[in-house]
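Listed below, chain by chain, are the residues.
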Amino acid sequence: MGASEVLTDPSSLYDVGNGEYSDTYTMLTVRNALASVQNGESERYEELVQSMQIIKGADHAVWADLVTILNALSGSVACIDIIHHRKLLSSVFGMSLWDLKPHVMEALVGLLISLAATSGKYLDSCLNMLIGHFVPPRWVIDRLSQRRVIDQKTDVLSQVHGAILKISLLVPLAPSRLLPMLAQQMPKINKKDNVVVMYVENLFKLESSPIGQVGSSMLFMMVMERLRDLDLEIDWDDILQDDSSRGMFDMELEDTMNEGEEVGLFWNLMYQNTSGGNVVFESLDKLMVISFDHLESCNLDGRLDQVFEKLFGAFENFILNTYKSKVSQFLMFYACSLDPENCGVKFASKLMDIFLSSNKPRPTRQVSLSPLCSNVSYSLHNTLVLMTTWLMSAIAYLASYLARGKFLPITYVATMLKRLVDECADYCGACNDDIRPEAHQIFYSGCQAIMYVLCFRMRSILNVPLFRSQLIPLESILMHRLNPLMVCLPSVVAEFLKQAKAGGMFVVSDAFIFDDLLESELSRAFGGPERLDTFFPFDSCLLKSSNSYISPNFIYWSMVRPTYEEDDDDEEDAEIIVNGDEESDEEEEEGDLDYSMNKMSITPKHSFKNKMERDGLLKMPSMIRPSISPQSF
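Being a predicted model, the structure only gives us computed values, none of them experimental. (Residues numbered from 1 in each chain as written. Predicted model: local features only at pLDDT ≥ 70, side-chain atom pairs only at ≥ 80, totals over all residues. Heavy atoms only, no water.)

Tell me what's going on with the overall build of the chain, and back it up with residues and numbers.
When helices and strands are tallied, the chain shows 28 helices and zero strands. A separation of at least 24 residues holds for 77% of the contacts in the chain among residues at least 6 apart in sequence. Summed over all atoms, the accessible surface of the chain reaches about 28,100 Å², with 51% contributed by carbon and sulfur. (Helix = DSSP H or I, 4+ residues; strand = E, 2+ residues; numbered from the N terminus. Contact = heavy atoms within 4.5 Å. Areas by Shrake-Rupley, 256 points an atom, 1.4 Å probe, with all protein chains shown as cover.)

Talk me through the packing of helix α5 (residues 102–118) against helix α8 (residues 147–170); I want residue IDs and the actual numbers.
Contact geometry of α5 with α8 gives a least axis separation of 10 Å together with a crossing angle of 20°. Here α5 lies roughly parallel to α8, going by the angle between them. α5 and α8 meet at a crossing whose hand is right-handed. Counting all contacts with α5, which are made through M105, E106, V109, L112, I113, A116 and A117, the residues of α8 involved are D155, V156, Q159, A163, K166, I167 and L170. Here the residues of the contact of α5 with α8 are counted per class, giving 10 nonpolar, one polar and three charged. (Axes fitted to C-alpha atoms, helices over the stretch in contact; angles between N-to-C directions. Parallel < 35°, antiparallel > 145°, perpendicular 65-115°, else oblique. Left-handed = near helix turned anticlockwise from the far one by under 90°. Nonpolar A, V, L, I, M, F, W, Y, C, P; charged D, E, K, R; others polar.)

Please set out the environment of S349 residue by residue, giving values where relevant.
With respect to the helices, strands and loops of the structure, S349 is situated in helix α17 (residues 340–356). On the basis of relative accessible area, S349 is assigned to the partly exposed category, the value being 22%. In this view, S349 contacts Y412 and M416; residues no more than four positions away in its chain are not counted. At 2.9 Å, the side chain of S349 forms a polar contact with the backbone oxygen of V345. Here the side chain of S349 touches Y412 through a polar contact of 3.2 Å, side chain to side chain. (Buried < 20%, exposed > 50% of the residue type's maximum accessible area, 1.4 Å probe, protein only. Polar contact = N/O pair within 3.5 Å; in protein donor to acceptor, adjacent residues only side chain to side chain.)

So what's going on with helix α4 (residues 86–93)? Residues and values would help.
Among the residues of α4, those classed as buried are L88, L89, S91 and V92. Buried residues of α4, viewed axially, fall in a sector of 160°; they line one side. Where α4 is buried, its residues touch α1 (23–36), α2 (43–51), α3 (60–74), α5 and α6 (123–131). (Arc of directions from axis to C-beta.)

Any chance you could break down the packing of aromatic side chains for me, citing the residues and the numbers?
Taken as a whole, this structure holds 28 aromatic pairs when the rule is applied. Considering the side-chain rings of F312 and F347, the 6.1 Å spacing of their centres and the 75° angle between planes classify their relative orientation as edge-to-face. Of this pair, F312 sits in helix α15 (residues 304–318) while F347 sits in helix α17, placing them 35 residues apart in sequence. With a relative accessible area of 5%, F312 lands in the buried category. F347 gets classed as buried once you look at its relative accessible area, which sits at 0%. Seen in terms of ring centroids, F315 and Y397 are 5.1 Å apart; in terms of plane orientation they differ by 90°. Their pairing is edge-to-face. Of this pair, F315 sits in helix α15 while Y397 sits in helix α18 (residues 374–404), and the two are 82 residues apart along the sequence. Like Y397, F315 is buried. Here the aromatic cluster, defined as three or more aromatic residues joined through ring pairs, consists of F312, F315, F330, F333, F347, Y397, Y401, F407, F538, F554 and Y556. Over the face of the ring belonging to F312 we find K350, whose NZ or CZ atom lies 5.2 Å from the ring centre. The side chain of K498 reaches across the aromatic face of Y564, ending 4.5 Å from its centre. (Phe/Tyr/Trp six-rings, centres within 6.5 Å; stacked < 30°, edge-to-face > 60°. Lys NZ or Arg CZ within 6 Å of the ring centre and 35° of its normal.)

So this is what it looks like as structure tokens:
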């Protein structure tokens, strides 16, 4: 029976809440009101629309009437016309669950589910309305410290997620319609509040639901993109380099330092140097924490391995080549620490595959820049620059990951180093006559990666004869006419050579210049955009709460025992040590400066044997500080 054929009844719509009337009578009355507007008699329809208006402070009877009408509409959605009943639909979609009593919320959600399932015409409007509740109104945000408001938030979001799930089950098309809407409604960065954190919490709830089976990849893309945006909103350069005399800008935030004054001062300086105050820091920190918690949940559910593939795709799209990303990449690090045998190995392998995909000498023939082909040439040049940056970023991530991941067994680190050494050796064998440093950036990145990892892992590597033998080709690589020792970051080269000399790595150690390397002419000359610089993305995490997740599985430089330090017969021979074990009480006062440098710096600084050597490195223009862009190589 159509809407125009519904039994007419002169009763006023305001009587439908009267307990004397049955649900069937109420539904017939509502349908009659819907049909009347098409016949030019809009009085009862206008009463219906008016009854949908929420009056602040309304008594229980008014709420009861509203529930009755909403339930009647749920049973009459087939009678609703998108043209004739536009005003009614506007009232429905204009309602907010945040303003309703629990039983009214349930009735409204039931109507939305019925509308979405009955006609595809209302699907988008229903989904949009539900998504709009992911960010509470201002009055809720301002009162979230109150228990009553927290409970209300839980009730509202429970209704919202339940409705989205039911609609998705009833309408198979719904998830594909939902995902673009989620991306469109994702809050922008707001320096006054952290609503983006609330929104992402809801995205993760969706990812954990059956909707995640369809939209997991896109949901992680949204989260990773916003993490990147918050990360870039912070001017880390100003914070970390504001005053070069303050070593605490280069601190490693270990758990053992949390009670010290240095951390508090560090955070105060960060807030002072960032427009928007501490909201951006807190938002990024909270967003990282809820992301870590979600990964833990995925791990407990046994689906982390599946989620990891989606997470890596988001990382590759938004983080791998991002300018000055400092924190967001730790989402990958934490996922790997939860499942080292699967995710941990996959991450390193994927980065290695990216690096090896194009680490070959390139032709030296210059591309013509004649007017007829200049656009094509410049386009080709830009493509090559982007590809080079991508490959260099991948190897920088790999080196930093292998150096810092405490959960990675030394056997796996040695295996990855062997692949890098073999690749660089093959490169040297295929190298042509062009020895310009800018023509071999990827090769130099590989060499720097090897030396950087060995700065952290050399003692353990050299203690195993098989692993030591796998590094034999490294000597010829470093002695090659491409001269990587003169191009790579001086502080990395200096630390590597010092440990290599002490560990007896090289057969012909006299062939290497262990002194006066830092101020080489080539190193100074190669200072343009091609210069290898300080891109080590897994340097210490500089957010307090986030760092508490990372630090148990993170190798700090102060935990490394270099080869030039004497073995302690009472301890197991390894490069990882507990802070303070490397020095005796008698030497403590004399080594205060060196200990302070180790404690505070992300750079692999070490105890120098004389003041001149120490001062030489401290004055270097480049140090291994918190990561900066691969574009500054």
